[in-house]
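Summary of the model geometry
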Amino acid sequence: MDGNMFRSVIMATVSVLLWSNVLYAQDADSVEVKQPKEYVKQTFDHPQLINTQTNEVLPERTWMFRIQHRFGAIGFDESFYEDFLGLDLFANIRLGYSTAITKDLMIGVGRTKVDKIWDFEAKYALLKQTKDNKMPFSLSVYSNMGINSDEAVEADSTLFFADSTTLFVPKFAHRVNYDFEVIIARKFGNAASFQFTPTFIYRNLAEPGATNHTFALPFSGRVRIGMKSFIVFEYAYVINNRTKDFRDPISLGVEISTLGHAFKMFVSSTDQLLGQEMYTNSSYDYTDGEFLFGFNITRKFWRKKKKKK
Amino acid sequence: MIMTLFMNSCTKDSGPVFIPKVHDPNDSIITISFAEDVQEIFDGECWFCHPANGDLDLGIGMSHAELVNVEAANYSPNMRVVPYDTAASVLYHKIIDDNLYGLKMPPGALNLTVQEKAIITTWILEGALDN
């Protein structure tokens, strides 16, 4: 994908966002008496499932703090107890802060340990599933820009671009990677919710032999097992840039959720925390018994409504 | 400032690749210091999982003796590091992640930079000295 096409994708996304508002406005003008739509609530309780985003955006006047922690990888061998479930090994962590801007738009910032990545995210709830099923699913768009702030690779007479002839010259843009997602979700009563998330990743500096763009098709969901507890799962099929022995990320766990908190404990085949990294790097080989433990803690806070004078 | 950030945030490149300079074993020019360059990588990226009480100690004062001309525990009779010979060195294959000897090192999300890989590769090509 060249620069023009990349700009076109961004423009198309922005256009969809703007036109959706215009169409809603026209719709509202043309109907004199309109019953308020009853939307399906809490398809997922929080904006993040395990590694993937959900269709949920933060409600107005809320902000959220997130801790995502992944322990080191272990297997069904002595590492299981010698490394104490992976606690003794290298871990990856992301801290995130997000806030609602409007009732359908949230933005956030996060910091990941590996590669010292600062990321900036935005999510917009474009369509919402209605109880009368006239709108059978919810659709949100999500974008994330990650900036690697780790030590820079320095120009060197032995480093070249992938053509092997042009001397490598590092630029700021090489540190920046993008993640664009369209999240299509549906809640099936109170029993289960599933979502499908076509994802487009753009890395300014691709690994030699890989293309700058990567497409992935994550499928994820949760199934209720108690009043506030769920089984959660994720699987993502990465379409291109699959190197030899590439393994797709897969995760399975439990969620205990309240209005303000969500605790998720799971096993996963990936310790990457951002789509830009998760879908462009192979996961651990779960077919060979390699996996890791992880948890997410999410806490929402509410701001008081301003009193009218 | 935000506009400047976005204007400089898009490009389409691929790389970098490390192409080592041809090294003559009779050449006395050594560019890599084990103590200052290689050990620094081990301290920052490897020692956490390869501490003093482990199977492979990559700590200061131990790492060279545990690596050079020592058989790899899981890939015997292949050597962890064979001086002047990257293809025969298990460590080299581990860091470039060519799947020849199992898990890449370091594992998972953690990766050596291309520069760190270049330092280790050059160190092996220059004879894997304890300098």
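Residues numbered from 1 in each chain as written. Chains lettered and ligands numbered in written order. Predicted model: local features only at pLDDT ≥ 70, side-chain atom pairs only at ≥ 80, totals over all residues. Heavy atoms only, no water.

Some words on the overall build of chain A
- Each helix and strand in chain A was counted, giving three helices and 15 strands.
- Here chain A, with 309 residues, has 46% of them falling under the buried criterion.
- When the accessible surface of chain A is split by element, carbon and sulfur atoms take 63% of a total near 15800 Å². (Helix = DSSP H or I, 4+ residues; strand = E, 2+ residues; numbered from the N terminus. Buried < 20%, exposed > 50% of the residue type's maximum accessible area, 1.4 Å probe, protein only. Areas by Shrake-Rupley, 256 points an atom, 1.4 Å probe, with all protein chains shown as cover.)

Some details on the interface of chain A and chain B
- Listed per partner, the contact involves 43 residues of chain A and 26 residues of chain B.
- The largest share of the area that chain A buries against chain B comes from A:F90, A:T158 and A:L159, three residues that together contribute 16% of it.
- Between the two partners, chain A and chain B, sit one salt bridge.
- Close ionic contact of B:D13 with A:K171 constitutes a salt bridge, the shortest N to O distance being 3.3 Å.
- Run the count over chain A and chain B and you get 16 residue pairs in polar contact (both at pLDDT 80 or more).
- For the side of chain A that touches chain B, the class distribution of residues is 24 nonpolar, nine polar and ten charged. (Contact = heavy atoms within 4.5 Å. Buried area = accessible area lost by both parts, 1.4 Å probe. Salt bridge = Lys/Arg side-chain N within 4 Å of Asp/Glu carboxyl O. Polar contact = N/O pair within 3.5 Å; in protein donor to acceptor, adjacent residues only side chain to side chain. Nonpolar A, V, L, I, M, F, W, Y, C, P; charged D, E, K, R; others polar.)

Some thoughts on the packing of aromatic side chains
- With the rule as written, the count across this model stands at 19 aromatic pairs over all chains.
- On the numbers, 6.2 Å between centres and 70° between planes, the contact of B:F34 with B:F42 is edge-to-face.
- On the basis of relative accessibility, which here comes to 4%, the residue B:F34 falls in the buried class.
- Pairwise contacts between aromatic rings join A:F76, A:F80, A:F291 and A:F293 into one cluster.
- Lying over the aromatic face of A:F90, A:K113 brings its terminal NZ or CZ to 4.3 Å of the ring centre.
- Residue placement shows A:R299 over the ring face of A:F301; its charged tip is 4.8 Å from the ring centre. (Phe/Tyr/Trp six-rings, centres within 6.5 Å; stacked < 30°, edge-to-face > 60°. Lys NZ or Arg CZ within 6 Å of the ring centre and 35° of its normal.)

Here we look at helix 5 (residues 114-125) of chain B
- Between its first and last C-alpha, helix 5 of chain B extends 16 Å over twelve residues, near the 16 Å set by a 1.5 Å rise per residue.
- Counting buried residues along helix 5 of chain B, ten of its twelve residues qualify, which places the element largely inside the surrounding structure.
- Taken together, the buried positions of helix 5 of chain B are occupied by B:V114, B:Q115, B:E116, B:A118, B:I120, B:T121, B:T122, B:W123, B:I124 and B:L125.
- For helix 5 of chain B, the secondary structure elements touched by its buried residues are strand 6 (159-160) of chain A together with strand 2 (17-18), helix 2 (34-46), helix 3 (63-67) and helix 4 (90-96) of chain B.
- B:G127 sits one or two positions beyond helix 5 of chain B and adopts a positive phi of about 110°. (Expected span 1.5 Å × (residues − 1).)

Some words on the nonpolar core
Residue and element names in this part refer to chain B.
- If you look at the biggest cluster of nonpolar residues, it comprises 19 residues, and the most contacted ones within it are V38, F42, L67, V81, L91, I120 and W123.
- Mapped onto this core, the elements with two or more residues apiece are helix 2, helix 4 and helix 5.
- With five residues, helix 2 is the largest single contributor of residues to this core.
- Setting aside its immediate chain neighbours within four residues, I120 contacts V38, I41, F42, L91, I95 and L112. (Core = buried A, V, L, I, M, F, W, Y, C linked by side-chain atoms within 4.5 Å.)

What about the confidence of the model for chain A?
- Of the residues in chain A, 89% reach a pLDDT of 70 or more, and the chain-wide mean stands at 88.
- In the model, residues 13-26 of chain A has pLDDT below 50 throughout and makes ten contacts with residues more than four positions away in sequence or in other chains. (pLDDT = per-residue confidence, 0-100.)

Let's talk about the environment of B:C49
- Tracing the backbone shows B:C49 in the loop between helix 2 and helix 3.
- For B:C49 and B:P106, which are 57 residues apart along the polypeptide, the C-alpha to C-alpha distance reads 8.9 Å.
- When sequence neighbours within four positions are dropped, the list of residues in contact with B:C49 reads A:L89 and A:F90.

Describing the pattern of salt bridges
Residue and element names in this part refer to chain A.
- Under the definition given, this model contains twelve salt bridges over all chains.
- Across the pair K131 and E38 runs a salt bridge whose closest N-O atoms are separated by 3.6 Å. Taken together, the positions of K131 in the loop between strand 4 (117-127) and strand 5 (138-148) and E38 in the loop between helix 1 (3-30) and strand 1 (62-70) put the pair 93 residues apart, joining distant regions of the chain. Comparing K131 with E38, the two get one shared label, exposed.
- The partner of E277 in a salt bridge is R203, and the shortest N-O contact between them spans 3.3 Å.

Considering the pairing of strand 11 (residues 213-224) of chain A
Residues and elements named next belong to chain A.
- Across five bridges, the pairing between strand 8 (residues 192-196) and strand 11 is antiparallel. When the bridges of strand 11 are listed, F194 appears paired with G221.
- The pairing of strand 9 (residues 199-203) with strand 11 spans four bridges and is antiparallel. Looking at the pairing, T199 lines up with A216 of strand 11.
- Pairing analysis gives nine bridges linking strand 11 to strand 12 (residues 229-238), with the strands arranged antiparallel. Counterpart to L217 in the pairing with strand 12 is Y237.
- From the end of strand 11 to the start of strand 12, which pair antiparallel, there are four residues. (Pairing = 2+ DSSP bridges.)

Considering helix 2 of chain B
All names here are of chain B.
- Taking 1.5 Å as the rise per residue, helix 2 with 13 residues should run 18 Å; its terminal C-alpha atoms sit only 15 Å apart, a clear shortfall.
- Among all positions in helix 2, only F34, V38, Q39, I41, F42 and C46 are buried. Taken down its axis, helix 2 places every buried residue within 145° of arc, on the same side. Away from the buried face of helix 2 by more than 90 degrees, exposed residues E36, E40 and G44 are located.
- Buried residues belonging to helix 2 abut helix 3, helix 4 and helix 5. (Arc of directions from axis to C-beta.)

Regarding a nonpolar patch on the surface
All names here are of chain A.
- Among the surface-exposed residues, F196, F215, L217, F219, Y235, Y237, I239, I250 and Y286 lie close enough to one another that they form a single nonpolar patch of about 730 Å² accessible area.
- Secondary structure elements with two or more residues in the nonpolar patch: strand 11 and strand 12.
- Examining the composition of the nonpolar patch, we find that three residues originate from one element, strand 11, more than from any other.
- Counting through the fold element by element, L217 comes out in strand 11. (Patch = residues over 30% accessible without salt bridge, like charges linked within 9 Å, V, L, I, M, F, W, Y side chains within 5 Å.)

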